[in-house]
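# Working through the structure, step by step
Residues per chain, in single letters:
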Amino acid sequence: MMGLRPIIHKSCYLPKVKILHTISTAMVDAIKSEFPFFTANPNLVYLDSAATALKPQRVIDALALYNAHESVNVHRGVYRLSQRATDTVESVRQKTAAFLSTEKTATAVFTRGTTEGINLLAHVLTHPNSRLADFFPAFAHIRPPAILMSQSEHHANIVPWQIAARERGYQLLYIPVDSDGKFAVPENFLETIAAAYSLRIIALGLESNVTGIIHDLMPYREWAAKHGAVFIVDAAQAVVHVPERVRALKPDFSVFSAHKLFGATGVGAVVGAKNVLDACTVYQGGGGMINTVHEATSTYLEAPTKFEAGTQAIGEIYALGKALDFALEHAQTLRTHEGDLRAYADAKLSKTGIRIFGLSAYERSPIYSFEIQGVHAHDTGTLLDEQDICVRAGHHCCQLLMRALGVSATARASFSLYNTRDDVDRLTQGIEYVKKIFRK
Ligand code: PLP
């Protein structure tokens, strides 16, 4: 049965978001005023949104509303308040699925975040009890099974596959990257793989959390569709910067965390087709996912519920609903403002003489990993903190990428909707200060 194979139109890869030409300072100030973080920390320049985004008041209110007034469990209560909470959770589920997929069959499995989502997929997709060959013919091939990732993946999109591969006899394969973090694909790469392996799973991050590079995943999507492999997008970063790209790729599964999208920590989702999820074995066992339980065996509910054992992060799901509303409301502004910040930061930061990774890429989000020559990234981070500038320093959970870039760590500044050109100026001055201290 090949009914699920997506039809790919090349043109649908182009962004569908209408670009506004300018975002006024007043507009950014109005958006900033929705974030109480800035009232509590008026002098801070927050440049760590790739680690976690700040939360607007409506998200904080939704979490508080649940805990203060509607703090009941869902799916099991017969009383009206429980039913109301259940309705809220189910409506956020629909909103979540629609945010990352245009397919009518799409549903969302709530998880603790991207990491748990990929662990779930790694477990069920490689499990012999999952009946996947009907949907993905590569699962019927007798050549040794393989999973393809890239060297630029976050550890969340590597380690779960390593664990599954070791247990289930899969070969791990990687798209190499160059010293700027771009895919460096050898000639006939996929053909060579296909001659030796049954490439069953392609799992790739659309946007790098280190360089902000937005990789062109369409060739891999098309290859997966043609050869009957599962195509998974780690959308942890892309969900906030380029969700329309995720939708255009029509992945079999996409995975994200709410906290990168202005939502709360502790919740995220796997978005995919319900009938494929139904064909998969279960992940964790417990209450809420069963149909009947006997001494030796149990039967399970349908997807998505069969993957949601135990009580979910209900308040955080309420908050996710509001985070999605916020992201939808500001989609055009976000795209335009981030484009403006990137152009400004590219110009300003380039003048400081630091090494910025990924600058040569065709398309990027405003995430800057950089190295001040002769200065350790942790020293850079600490000296910037002294000037009230919050950046991240380290390997960013991307050790394979660090090796390809030829460094052990970078400092990373990541911008979002609430950042301004002034923040870029403060970062530039901060970098000059670090250089001065180290006499660089
Ligand atoms: N994938 C990417 C590209 C990320 O940037 C991150 C987090 O930074 C993750 C996966 C893991 O996300 P989480 O820690 O929310 O599970």
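The text that follows walks through the structure, step by step, so that each part is easy to find. Residue positions are counted from 1 within each chain, in the order its sequence is given. Where local features are concerned, this predicted model is filtered to residues with pLDDT of at least 70; where side-chain atom pairs are given and counted, the filter is 80 or more; whole-chain, interface and lining totals use all residues. Hydrogens and waters are ignored; side-chain quantities use all the structure's heavy atoms.

## Brief notes about empty space enclosed by the protein
Cavities and pockets are found on a 1 Å grid laid over the protein atoms alone: a cavity is a set of points where a 1.4 Å probe fits but cannot escape, a pocket is an open set with protein on both sides within 12 Å along at least five of seven lines, and a lining residue has an atom within 4 Å of such a point. Grid points are joined across faces, edges and corners, and a volume is the space filled by probe spheres set on the points. Across all of its chains, the model carries 3 cavities of 30 Å³ or more by this definition. By volume, the second largest cavity is sized at about 90 Å³. Taken together, Asn73, Val74, His75, Arg76, Gly288, Thr305, Glu308, Gly310, Thr311 and Gln312 make up the full set of residues lining the second largest cavity. In this classification, Asp, Glu, Lys and Arg are treated as charged, Ala, Val, Leu, Ile, Met, Phe, Trp, Tyr, Cys and Pro as nonpolar, and every other residue, Gly included, as polar. Here the residues of the lining of the second largest cavity are counted per class, giving 1 nonpolar, 7 polar and 2 charged.

## A few points about the packing of aromatic side chains
Two aromatic rings, drawn from Phe, Tyr or Trp (for Trp, its six-membered ring), form a pair once their centres lie within 6.5 Å of each other, and the interplanar angle then sorts them: stacked below 30 degrees, edge-to-face above 60, tilted otherwise. If you walk through the whole model with that rule in mind, you get 13 aromatic pairs. Judged by centre distance (5.5 Å) and plane angle (85°), the ring pair of Phe37 and Phe38 falls under edge-to-face. On the basis of relative accessible area, Phe38 is assigned to the buried category, the value being 13%. Look at Phe262 and Phe326: their rings are 5.0 Å apart centre to centre, the planes differ by 70°, and that puts the pair in the edge-to-face class. In this pair, Phe262 is assigned in the loop between strand E7 (253-257) and strand E8 (268-273) and Phe326 in helix H12 (residues 314-329), connecting sequence segments 64 residues apart. Across the pair, Phe326 and Phe262 agree in class, each one buried. A connected cluster of aromatic rings, assembled from ring pairs, spans Phe35, Phe37, Phe38, Tyr46, Phe262, Phe326 and Tyr418. Here the basic side chain of Lys32 rests over the ring of Phe38, its NZ or CZ set 4.6 Å away from the ring centre. Sitting over a ring, as applied to charges here, requires NZ of Lys or CZ of Arg to be within 6 Å of the ring centre and within 35 degrees of the ring normal. Between Arg247 and the ring centre of Phe99, over which it is positioned, the NZ or CZ distance is 6.0 Å. Categorising residues by exposure relies on relative accessible area from a 1.4 Å probe, with only protein chains included: less than 20% of the type maximum marks a residue as buried, more than 50% marks it as exposed, and the intermediate range marks it as partly exposed. Runs of E in the DSSP output that reach at least two residues are strands. Runs of H or I that reach at least four are helices, and both are numbered from the N terminus.

## Describing the layout of surface pockets
Here the idea is plain: a probe the size of a water molecule rolls over the atoms and shows the empty space left. There is about 480 Å³ of room inside the largest pocket. Taken together, 28 residues line the largest pocket, and the ones lying closest to its centre are His154, Asn209, Ala236, Gln237 and Lys260. The leading source of residues in the lining of the largest pocket is helix H5 (residues 114-125), at 3 residues. Formed jointly, the lining of the largest pocket draws a minimum of three residues from each of two domains, domain 1 (4-55 + 330-437) and domain 2 (60-327). Taken together, 17 residues make up the lining of the second largest pocket; nearest its centre are Phe183, His215, Asp216, Pro219 and Tyr220. It is helix H8 (residues 218-227) that contributes the most residues to the lining of the second largest pocket, 4 residues altogether. Each of domain 1 (4-55 + 330-437) and domain 2 (60-327) gives at least three residues to the lining of the second largest pocket. Domain delimitation follows an automatic or database domain assignment.

## Description of helix H3 (residues 57-69)
Residue pairs spaced three or four apart in an α-helix point in one direction, given the helix's 3.6 residues per turn. Here H3 is 13 residues long and its end C-alpha atoms lie 17 Å apart, about the 18 Å a rise of 1.5 Å per residue gives. Contact between two residues is taken to exist if any of their heavy atoms lie within 4.5 Å; hydrogens are not considered. The inward-facing, buried residues of H3 abut H12. A helix is expected to span 1.5 Å for every residue after the first.

## A few points about the packing of helix H14 (residues 377-386) against helix H16 (residues 421-437)
To obtain an axis, a line is fitted to C-alpha atoms, over the contacting stretch when the element is a helix, and the angle between two such axes runs from 0 to 180 degrees between their N-to-C directions. For the pair H14 and H16, the least separation of the axes is 9 Å and the interaxial angle reads 120°. With respect to H16, the axis of H14 lies oblique. Where H14 crosses over H16, the handedness of that crossing is right-handed. The segment H14 lies against H16, with Thr380, Leu383, Leu384 and Glu386 engaging Leu427, Gly430, Ile431, Tyr433, Val434 and Ile437. Class assignment of the residues belonging to the contact of H14 with H16 gives a composition of 7 nonpolar, 2 polar and 1 charged. Our angle categories are set so that under 35 degrees counts as roughly parallel, over 145 as roughly antiparallel, 65 to 115 as roughly perpendicular, and the remainder as oblique. Rotating anticlockwise by less than a right angle from the far helix to the near helix defines a left-handed crossing, while the corresponding clockwise rotation defines a right-handed one.

## What about the pairing of strand E12 (residues 367-371)?
Most of E12 is tucked away: 4 of the 5 residues are buried. Pairing geometry for strand E11 (residues 355-357) and E12, over 3 bridges, is antiparallel. The residue bridging Phe357 from the neighbouring strand is Ser369, located in E12. Note that E12 and strand E15 (residues 410-414) share 4 bridges and pair antiparallel. Bridged to Ser369 within E15 is Arg412. Only when DSSP finds a minimum of two bridges between them are two strands counted as paired.

## Things to note about the sheet that holds E7
Taken in spatial order, the 7 strands make up an open sheet running E2-E8-E7-E6-E5-E3-E4, and their pairing is mixed. Strands with a single pairing partner mark the edges of an open sheet, and in this sheet they are strand E2 (106-111) and strand E4 (171-175). Here the average twist between neighbouring strands, direction ignored, is 20°. Lying over the sheet, H5 contacts E2, strand E5 (198-205), strand E6 (230-234), E7 and E8, oriented at roughly 150° with respect to E7.

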